[in-house]
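Architecture at a glance
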Number of protein chains: 2
Amino acid sequence: MNVSINGEMIIGQRAVRGSAGSVRAFDPAKAAEIEPAFGLATEADVLQACTLAEQAFDAYRATSLEQRARFLETIGENILALGPALIERACAESGLPQARLEGERMRTVNQLRLFAKVVRDGLWLQATLDSALPERTPPRADLRLRKIPLGPVAVFGASNFPLAFSVAGGDTASALAAGCPVVVKAHGAHLGTAELVGKAVQAAVAACGLPEGVFSMIIGEGRLVGQKLVGHPAIKAVGFTGSRQGGVALMHTAAARKEPIPVYAEMSSINPVFMLPGALAGNAAKLAQGFVDSLTLGVGQFCTNPGLVLALEGADLDAFRAAAAAALQPKGAGTMLTAGIHKAYRDGVARRAGIDGVTEVAVGSAEGTGCAAQAALYECSAATFLADPALEDEVFGPSSLIIRCRDIAEMKAVADHLEGQLTATVHAVAADADLAAKLLPTLERKAGRILFNGYPTGVEVSHAMVHGGPFPATSDSRTTSVGATAIERFLRPVCYQDVPQDLLPEALRDANPLGIARIVNGELQAG
Amino acid sequence: MNVSINGEMIIGQRAVRGSAGSVRAFDPAKAAEIEPAFGLATEADVLQACTLAEQAFDAYRATSLEQRARFLETIGENILALGPALIERACAESGLPQARLEGERMRTVNQLRLFAKVVRDGLWLQATLDSALPERTPPRADLRLRKIPLGPVAVFGASNFPLAFSVAGGDTASALAAGCPVVVKAHGAHLGTAELVGKAVQAAVAACGLPEGVFSMIIGEGRLVGQKLVGHPAIKAVGFTGSRQGGVALMHTAAARKEPIPVYAEMSSINPVFMLPGALAGNAAKLAQGFVDSLTLGVGQFCTNPGLVLALEGADLDAFRAAAAAALQPKGAGTMLTAGIHKAYRDGVARRAGIDGVTEVAVGSAEGTGCAAQAALYECSAATFLADPALEDEVFGPSSLIIRCRDIAEMKAVADHLEGQLTATVHAVAADADLAAKLLPTLERKAGRILFNGYPTGVEVSHAMVHGGPFPATSDSRTTSVGATAIERFLRPVCYQDVPQDLLPEALRDANPLGIARIVNGELQAG
C-alpha cells in the first residue's frame, strides 16, 4: 500500500487540506520540525465529518457481523501493508525506538483481529428473549432485547501510543466493532503517522463497500476543534486517552450539551506497588531491579507506570532503596515524546523534589540534548504523603516515589487515601497471604486491575483485561478501554415487544439465524 | 409484621425523628393532610446514613450469592407481612385505587424475587478468564475479570409508583442485588408508605445478619437534602425517577463532584404511537378505544403514557379521531397523585391548548373537587408540531396530541425530529410491513422499547425489558431501570492478574465453586 504524507485530513473518501492555518510535526530526538506542513480543520470540516458520520450510521450498523469483522481485519491488513514507511515516520514523530513501534503495530493489528472475533461471536448483542405468556393475568407480551450502537463516536488518541491508542487504536476498533462510525481528532504529536493510518482505514472503508462517513480524521490545534467535535449533535460518545485536564474538559463539554453524552477518558494514574514484608525479605535486590526496569521502560511514558512504591520501614526497605538507586543511576536519559511532555516532566519532578519531607533516592544519567529525560526516584514518609495531595499528582515519565510506612496500618491508610487507579500491584509470598487478603478489598475499590508479583506496565489485549478504574484514572469506572469488553462502551439496549418475526433483527428471531448465545426465559443457551 | 407510622426516618437500625422541621403527607382525594407529622433530616442525619453505608459496603459486597438473594426475598416477605395497613396508607397518600396498589405490591415483591434469581445465577459477575501463555513472546499473564459493585447508591423514588419505583422498588432492588448499600430519599408524597416499607427493609437487614448501613432512608423537603446526599463522597451512583428538571439537577450535582458519579435518571417521555395506514383502515374505532384506555389508565400518570399519536390525513384518521373523542368524553375525572402534579397538568394542558394550530379533539368529564384531572385530547398538523419545541414537552397526565401527517415522509420527519423516548409504538398490519421496516431504524435510535400493536403502558419486569432510552427519556441510554439488566448499572469490572488461587474471588477460581457461566479464553462455558 503506497501512501504518501501530504498534510491532509480524511473526510469520508476525500483527502482534504485544511485551510485554517498549518502546523508541522516535530522530531523530539532531533528537536526539529518534520515536513510537510499539515492544514488545520475549519469548523466546516468538522461539520462535514460529523454529517457524513451521521449519514453513514444506519447503513453501517445494518452490516452483517461477517461484513463488519472483515472490515476490521482489512484495516489491520492495510496497516501492515503500509510497511516500513509507517514505522519510520512514527519513530521520527515520537522518539520511540523501531522495535517498540513494530511491536505496537502488531498489537494494533491483533486488537483489530480480536474485535473481529468479538463481532462474529455476537455475545455483545446480549440477545435476550422472554416468551409471551398470554394465559397469565395480566398477560405477558413477547419481549426481546438486543444491544445496538450509540451512534457516531469522537476519538482522541494518546500521545504515548501513536498506533495502539490512536487513529486505528482500541477506541476506534471497539467503536467500529460496535457499529459506530468514528471521527478521529489526530494527535498533534504524530500527524504523519495519523495520515498514513487514516488512509489505511479510509481504503478499508472503500474496499469493504461501506458508506464513506464510517471514518473521518480531522486535524486541529489546541482544544477548539476537539470541543466543536464533542459538541456536535451527531456525536453520541467520546473516547479519549490523555491528561486529566484534557479529559475533564471534555467531560464538561459533553455534560453541558443539550443531549449529554458519555465520555470515556483514560486520564491519570500513579499505579501503586505494595511490597509486602515477606516478599521484600531477602529479595530486595531482585524486586528493585524489576521495579526500576518497569519504571524506566519507554522513558516511563506508560499510563501504568509504577509511580508509587509502598513498603514498611526497616532493613529490607533500606536494601530495596539501595538496590533501586544502584539500578537507576546507570539508566540513560531517554527522549520523551514531545517537548511539552518533557517540560511537564521536568516541572513535575522539580515540584516533587521541592516538597518538605521528600528526599532524593537516586537519579539516572543526566539529561542530554533535545527532549531527553533523566529518571528520578524519591522517597518520603507515609505521613508526608498523606498530608500533601500534590504528592498524588501523576508525574508522567520515569519518576517514582517510595512511601516509607511505619506499619501495616499506615500502609493501609495510604491505600485508603489514594484516588482511583488503573492498576494496583502487590508483591507477596505465602507468608503475606493474610495481609494481602486484608489489602485486597481496598485495592478492588481503587483500581481496575490488581496484579501480583509483577509490574503494571504491559497491558494485554484480551477478553479479561480491564484498562480502567475509578476517577481520575478514568471518567467512567464501569468500562475498560482495552480488551474485548471495550465494545460495551458504545452500545445500548433496545427491547422489541410483540414485533413480527420478519421485522425483528436477525439476532432475535426464533430460528436464531446468527447462531449466537442467547438468554431465553432467564436461561443461557449456547449458540 | 406490626409496624406503626411514627414520622421517622431509618438510619441503619435506628428509627430517627428528624429535627430540621416537620411535614405531613397529603391525601389528594380529600385534599387534606394526613397524620402524623414527619421530622425532616438534618445534614448530620444525611452524613450518618452515608457513613453507615460506606462502613457496610465491604462486608455487604462480600456476602455469598445465596445470602444476598435471601436478603432480597426477605424484604419481599416483610413487605407482604405489612398487610392491609400498607395498602390503606398508600391509597390515602396517592389517590390510587386499592386494586392497583395490591397489584403494584405484587410487582414489587416479584421484582425482588427476580433479582434474587439474577444474583444466584451469577451471570452479572461476567466472569472471564484468560489463561497464562508463558511460552508466548512476550508472555501473557493469567488474567481474570469479574464485576464488583460501585459502592453506596442514593435512590430517589417516583411519585407515581409508591411501591414499585420507591423505597424497595427497582432501583433499590437492583442496587442491593449488585452488592451496593442504599440510602433512599423518601418521596414527600408518600411518607407513611415509605416509613412502612423502609421498616420492612430494615427488619430484613437485621434478620439476615447484615451490617446496619446496608439500608437507610431519609426524609427531606425540597432539593437540599437530596443534593447533600448526592454530593457525599461515599455515594457512588444515583437512581432517580421523576421530572426532567429534577433529574437534570442531580446530573449536574453529580458531574460537579470532585469524583463525578453516574446518575441513572428516568425522566421525560411522550411515547409516540404510529398508526400506520393499513392498521388504521377499517379498524379506527378499536384502535381509538385501546388508545384512550391506555391514555387514561391511572389518570395518565405513567412514564409510558401515550402522549403523541401520528397518523396520515384522511378518512381513517377522521374516523379514529371521532372514535377517540367518543371514547374520551365519558371518562371521569380522576384524582391525581399530588396537588403539585395536578397543577402542573392543568398548566401544561392550558399551555398546549393555547398554541396556534392546536385544536381540541375532546375532553373528559369536568374536574371535580380536590386533585381530579380532566382528560384532554388535542390535535395539530405535523408542520405545527415540527415548528414548536414546546409541543414536545411532556404533559404528565391524561392528555395526548394527535399529529396529522400529510404523507409518510412527514410522519418520518416527525419521528426523526423527536427527542429520546422510553417507548415507541407501531400499529401495523401485513400491508404496512415495508413502511414499518423503514420506520424501525429511526425508532431504534429514539426509544428504549419498540412495541407493535399494543400500548406502551404496562412495563413487564423480566430479563428482556428495557425501561430506558436516549436523553431526555433517561440520563443514560446504555441502561434500563426495570428488568434483570438494571443490575449492570451498579457494577464495574476488575481484572485480577496472576493472583494466587486462594486470594482470588470464588467466581474466578479454577474449580468454579459458584458453578456460574464463564467466558474462558474467549469461549462461553455453561455453569
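Residues numbered from 1 in each chain as written. Chains lettered and ligands numbered in written order. Predicted model: local features only at pLDDT ≥ 70, side-chain atom pairs only at ≥ 80, totals over all residues. Heavy atoms only, no water.

Chain A goes by Aldehyde dehydrogenase (NADP(+)) in an unreviewed UniProt entry, where it is assigned to Massilia terrae.

1. Focus on the interface of chain A and chain B
Between chain A and chain B, the residue contacts involve 71 residues of the former and 73 residues of the latter. For the pair chain A and chain B, the summed buried area comes to about 5900 Å², and 55% of that belongs to carbon and sulfur atoms. Summed over the shared surface of chain A and chain B, the result is 14 salt bridges. E444 of chain B is paired through a salt bridge with R61 of chain A; the nearest N and O atoms lie 2.9 Å apart. Remark: the boundary between chain A and chain B carries 42 residue pairs in polar contact (both at pLDDT 80 or more). Looking at the side of chain A that touches chain B residue by residue, the class counts come to 36 nonpolar, eleven polar and 24 charged. The sheet contact formed by strand β21 (residues 491-497) of chain A and strand β20 (residues 447-452) of chain B spans three bridges and is parallel. Of the residues in β20 of chain B, the one forming a bridge with C495 of chain A is R449 of chain B. (Contact = heavy atoms within 4.5 Å. Buried area = accessible area lost by both parts, 1.4 Å probe. Salt bridge = Lys/Arg side-chain N within 4 Å of Asp/Glu carboxyl O. Polar contact = N/O pair within 3.5 Å; in protein donor to acceptor, adjacent residues only side chain to side chain. Nonpolar A, V, L, I, M, F, W, Y, C, P; charged D, E, K, R; others polar. Pairing = 2+ DSSP bridges. Helix = DSSP H or I, 4+ residues; strand = E, 2+ residues; numbered from the N terminus.)

2. Regarding the environment of R351 of chain A
For R351 of chain A, the location among the structural elements is in helix α12 (residues 339-353). Through-space distance from the C-alpha of R351 of chain A to that of V395 of chain A is 9.8 Å; in sequence the pair is 44 residues apart.

3. As for the packing of helix α14 (residues 408-417) of chain A against helix α15 (residues 433-446) of chain A
Residues and elements named next belong to chain A. Here α14 crosses α15 at 15°, and the two axes come no closer than 9 Å. Looking at the two axes, α14 sits roughly parallel to α15. Here α14 and α15 pass one another in a crossing that is right-handed. Residues I408, K412, A415, D416 and H417 of α14 lie in contact with α15, whose contacting residues are L435, K438, L439, T442 and K446. (Axes fitted to C-alpha atoms, helices over the stretch in contact; angles between N-to-C directions. Parallel < 35°, antiparallel > 145°, perpendicular 65-115°, else oblique. Left-handed = near helix turned anticlockwise from the far one by under 90°.)

4. Structural notes on helix α5 (residues 170-178) of chain B
Residues and elements named next belong to chain B. The element α5 is largely enclosed, with a buried count of nine among its nine residues. Every buried residue belonging to α5 is among G170, D171, T172, A173, S174, A175, L176, A177 and A178, and all of these are buried. After α5 finishes, the residue G179 shows a positive phi value of roughly 105°. (Buried < 20%, exposed > 50% of the residue type's maximum accessible area, 1.4 Å probe, protein only.)

5. Overview of the domain arrangement of chain A
All names here are of chain A. The domain architecture assigned to chain A consists of domain 1 (40-267 + 478-489) and domain 2 (272-452). Contact with domain 1, which involves twelve residues of that partner, is made by twelve residues of domain 2. Summing both sides of the interface, domain 1 and domain 2 together bury roughly 880 Å²; the carbon and sulfur share of this comes to 56%. At the junction of domain 1 and domain 2, the tally comes to one salt bridge. A salt bridge links R244 to E419; its shortest N-O distance comes to 3.1 Å. Taken together, the links from domain 1 to domain 2 amount to two residue pairs in polar contact (both at pLDDT 80 or more). When grouped by side-chain class, the residues that make up the side of domain 1 that touches domain 2 number four nonpolar, four polar and four charged. (Domains from an automatic or database assignment.)

6. Here we look at the pairing of strand β17 (residues 376-381) of chain B
Regular strands have side chains that alternate between both faces of the sheet. Residue and element names in this part refer to chain B. Most of β17 sits inside the fold, with five of its six residues counted as buried. For strand β15 (residues 359-363) and β17, the ladder comprises four bridges, and the chain directions are antiparallel. Counted as the bridge partner of V363 is A376 from β17. For the crossover that starts at β17, traverses helix α13 (residues 382-387) and ends in the parallel strand β18 (residues 399-405), the hand is right-handed. (Right-handed = clockwise from strand over helix to strand, strands pointing away.)

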